[in-house]
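One-letter residues, chain by chain:
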Amino acid sequence: MASSLTKDSVSPGSPGSERTFFGQPRGLATLFMTEMWERFSYYGMRALLPLYLVAPGGLHLSAATATAIYSVYVSLVYLLAMPGGWFGDRVWGPRKTVAVAGGVIMLGHLTLALPSSGTFYAGLGLVAIGSGLLKANISTMVGHLYDGPDDPRRDGGFTVFYMGINLGAFAAPLVIGTIGENVSWHLGFALAALGMGLGLAQFLIGSRHLAPRSSVVPTPLSAEEKTSTLRKAAIWAGIAVVFYAIVGFSGHYTLNWILVPLTLLGVIIPTMVLVRIKRDKDLDRADQSKMSAYIWFFVAAAVFWMIYDQGGSTLSIFADSSAENSVFGWSFPVSWYQSVNPVLIMAMAPVFAWFWLALNRRGKEPSTIVKFASGLVLVGASFFLFLAPLSIAEGGHKAAAMWLVAIYFVQTVGELMLSPVGLSVTTKMAPAKYASQMMGVWFLAVTAGDATTGLLSIAGVGLNGTGVVALEAALAVVAGVAVWMYRNKVKQMMGDVR
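Residues numbered from 1 in each chain as written. Predicted model: local features only at pLDDT ≥ 70, side-chain atom pairs only at ≥ 80, totals over all residues. Heavy atoms only, no water.

The geometry of helix 2 (residues 63–79) relative to helix 3 (residues 81–90) is characterised by a closest axis approach of 5 Å and an angle of 30° between their N-to-C directions. Considering their axes alone, helix 2 and helix 3 lie roughly parallel with respect to each other. On the side of helix 2, the interface is formed by Val77, Tyr78 and Leu79, while helix 3 contributes Ala81, Met82 and Pro83. (Axes fitted to C-alpha atoms, helices over the stretch in contact; angles between N-to-C directions. Helix = DSSP H or I, 4+ residues; strand = E, 2+ residues; numbered from the N terminus. Parallel < 35°, antiparallel > 145°, perpendicular 65-115°, else oblique. Contact = heavy atoms within 4.5 Å.)

Below you can see the structure in the form of structure tokens.
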């Protein structure tokens, strides 16, 4: 992608003061391209993952097992964002952490590209670890490019950066998905490795344009803390190795010995984090009240992501087996459905931003709670809509591709109602003591939602059955209505946050 680099007047001494990227600091080009290529590799592999897991030429697993693996993988990516942020803050600094993360992600995709089922899960683990490390730190470095929160270019910079995410997510299924499905699964995974390799190379070359503080470890571990952390990590690693060695050598090992603990962690850890913050005696009454309100948003978001992220698993597997994947007689790979959401985001996000501003000027903009409730109702509506193609397939016919596009469209509108609002309310309601950690807490809502999907799949629940889909849809709508009905109570708990 060609960069728009022009001469511009920027405050002296700021990073990249001699040239700009769309009017932004020059370092944003480096981070934009890094994130674009990382998302290209991540979403390309993710589009292939459930299809490879069920394909006769892939691992040929059941739809339930494939959904469980996919859900555990996605939940791990978001769960590992918290320790990823900890590494950036206390061990390596953001810049080094992102460089290491890019190498780990590339190695993970290369491992996936090996024609061996034995190395496949190791590759997934490496990509999840690398993604967690990168996700938590690259946005921090974007913030470092600006002169504090009041820099007028800051919001525009994050908007440009966000476009890089969606450009990568849009292109990935079209390229990696096509090669993976039509030529070779493992060549598709190798293309994901190439994408991350390009991103890492340009990050290393362009890192001279980043802010100097991105190389600083903000709160480095003391010698005693390093020793204690290494000791605890070694103990837990040793316990895991001994445990799985016993299970393996006794002949009892199955995939569930990995999936079940990981899915349980995806539910337990978010709960523990919220309870720990809520019970912190250092928080005053106002902060305690805000955290009580935030739990409403968190649970509602977990329900939203539980359904939304099935767009990459349940819907994709359904499309593979039961949809007519063609438009006007032109057939396309199943993985292309994963490009629908990012292209809709790029098209509709500016419209939504304009719409909220227009309503705000007239004093009619909906409250945060109403937007959140609307997002939940919409994601529920998307699964009620899913009942139509499911019924068509049960009648022995192939469902039209436009049914699935319509489902993704409704989900995307719901995402634009809930996700930006969730990010905003997280920063507004965070107690000062947990200001830097609360964004990681928001990501844990995704972890909890996907882990719940994983647990249902492991339990043998058929997530593409009409009864289960209807139940999930009803749950989301009821949750949305409940948030709306109790909006005054939640508003009161939010205090001065609007």
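There is more to say, and it comes next.
We now examine the nonpolar core. Counting residues in each nonpolar core, the largest one holds 102 residues, and the members touching the most others are Met45, Tyr73, Phe120, Tyr294, Tyr337 and Leu404. Of the residues forming this core, the biggest block, 13 residues, is contributed by helix 10 (residues 285–308). For this core, the domains that each give at least three residues are domain 1 (22–211) and domain 2 (255–497). Ignoring any residue separated from it by four or fewer positions in sequence, one finds methionine 45 in contact with Tyr73, His109, Leu112, Leu124, Val127, Ile176, Phe189 and Ala192. Counting 23 residues, the second largest nonpolar core, distinct from the first, contains Ala101, Leu133, Ile138 and Met196. (Core = buried A, V, L, I, M, F, W, Y, C linked by side-chain atoms within 4.5 Å. Buried < 20%, exposed > 50% of the residue type's maximum accessible area, 1.4 Å probe, protein only. Domains from an automatic or database assignment.)

Bringing the confidence of the model for the protein chain into the picture now. Looking at the protein chain as a whole, the pLDDT averages 88, with 94% of positions reaching at least 70. Predicted confidence in the protein chain is weakest over strand 1 (residues 5–6), with a mean pLDDT of 37, and strongest over helix 4 (residues 94–113), with 96. (pLDDT = per-residue confidence, 0-100.)

A word on the domain arrangement of the protein chain. In terms of domain boundaries, the protein chain breaks down into domain 1 (22–211) and domain 2 (255–497). Taken over C-alpha atoms, the centre of domain 1 sits 21 Å from the centre of domain 2. Across the contact, 36 residues belong to domain 1 and 37 residues belong to domain 2. Both faces considered, domain 1 and domain 2 share a buried interface measuring about 3,100 Å² in area, 75% of it formed by carbon and sulfur atoms. When the area that domain 1 buries against domain 2 is broken down by residue, the three leading residues are Tyr78, Leu79 and Met82, summing to 18%. Our count for the domain 1 to domain 2 interface comes out at 6 residue pairs in polar contact (both at pLDDT 80 or more). Elements with a contribution of two residues or more to the side of domain 1 that touches domain 2: helix 1 (27–54), helix 2, helix 3, helix 5 (117–144) and helix 6 (154–182). When residues in the side of domain 1 that touches domain 2 are grouped by element, the largest group, 15 residues, is from helix 2. (Buried area = accessible area lost by both parts, 1.4 Å probe. Polar contact = N/O pair within 3.5 Å; in protein donor to acceptor, adjacent residues only side chain to side chain.)

A separate point is the packing of helix 9 (residues 256–278) against helix 10. Two numbers describe how helix 9 lies on helix 10: the axes approach to 10 Å, and their chain directions differ by 160°. By the angle between their axes, helix 9 is roughly antiparallel relative to helix 10. The chirality of how helix 9 crosses helix 10 is left-handed. Contacts between helix 9 and helix 10 pair Pro270, Leu274, Ile277 and Lys278 from the former with Gln288, Met291, Ser292, Tyr294, Ile295 and Phe298 from the latter. Its residues assigned to classes, the contact of helix 9 with helix 10 shows 7 nonpolar, 2 polar and 1 charged. (Left-handed = near helix turned anticlockwise from the far one by under 90°. Nonpolar A, V, L, I, M, F, W, Y, C, P; charged D, E, K, R; others polar.)

Summed over all chains, the structure comprises 27 aromatic pairs. A ring pair is formed by tryptophan 37 and phenylalanine 40, whose centres lie 5.4 Å apart and whose planes are at 80°; its orientation type is edge-to-face. Of this pair, tryptophan 37 and phenylalanine 40 are both found in helix 1, 3 residues apart, which corresponds to roughly one turn of the helix. By relative accessible area, which is 21% here, tryptophan 37 ends up partly exposed. A relative accessible area of 10% means that phenylalanine 40 is categorised as buried. Ring centres 5.5 Å apart and planes at 45° place the aromatic pair phenylalanine 355 and tryptophan 356 in the tilted group. Residue phenylalanine 355 is classed as partly exposed on the basis of its relative accessible area of 39%. A connected cluster of aromatic rings, assembled from ring pairs, spans Tyr52, Phe120, Tyr121, Trp185 and Phe189. (Phe/Tyr/Trp six-rings, centres within 6.5 Å; stacked < 30°, edge-to-face > 60°.)

Before going further, it helps to spend a moment on the side chain of asparagine 166. Along the chain, the position of asparagine 166 falls in helix 6. Asparagine 166 gets classed as buried once you look at its relative accessible area, which sits at 6%. Those residues in contact with asparagine 166 that sit more than four places away from it in its chain are Pro342, Ile345 and Met346.

Let us now look at helix 16 (residues 466–485). Helix length check: helix 16, at 20 residues, gives a terminal C-alpha distance of 28 Å against a target of 28 Å (1.5 Å per residue), a fit within 8%. What helix 16 keeps buried is the set Val469, Glu472, Ala473, Ala476, Ala479, Gly480 and Val483. Each buried residue of helix 16 sits inside an arc of 125° when the element is viewed along its axis, so together they form one side. Seen from the buried face of helix 16, the exposed residues on the opposite side, beyond 90 degrees, are Gly467, Leu471, Val478 and Met485. (Expected span 1.5 Å × (residues − 1). Arc of directions from axis to C-beta.)

This part is about the pattern of salt bridges. By the definition in use, this model includes 3 salt bridges. Put simply, arginine 39 and glutamate 38 hold a salt bridge, and the shortest N to O gap is 2.7 Å. Taken as a pair, arginine 39 and glutamate 38 share a single burial class, namely buried. Across the pair arginine 90 and glutamate 225 runs a salt bridge whose closest N-O atoms are separated by 3.0 Å. With arginine 90 in helix 3 and glutamate 225 in helix 8 (residues 223–249), this residue pair connects regions lying 135 residues apart in the sequence. Taking relative accessible area as the criterion, arginine 90 reaches 22% and is therefore assigned partly exposed. Among the residues examined, glutamate 225 registers a relative accessible area of 32% and is labelled partly exposed. (Salt bridge = Lys/Arg side-chain N within 4 Å of Asp/Glu carboxyl O.)

On the secondary structure map, isoleucine 317 appears in helix 11 (residues 314–322). For isoleucine 317, a relative accessible area of 9% translates into the label buried. Residues isoleucine 317 and alanine 64 lie 253 residues apart in sequence; the distance between their C-alpha atoms is 9.9 Å.

This paragraph deals with a nonpolar patch on the surface. On the surface, Val377, Val481, Trp484, Met485 and Tyr486 cluster together to form a nonpolar patch covering roughly 470 Å² of accessible area. If you tally residues by element for the nonpolar patch, the top one is helix 16, at 3 residues. Structurally, tyrosine 486 can be placed in the loop between helix 16 and helix 17 (487–494). Relative accessible area serves as the criterion here: at 42%, tyrosine 486 is assigned to the partly exposed category. (Patch = residues over 30% accessible without salt bridge, like charges linked within 9 Å, V, L, I, M, F, W, Y side chains within 5 Å. Areas by Shrake-Rupley, 256 points an atom, 1.4 Å probe, with all protein chains shown as cover.)

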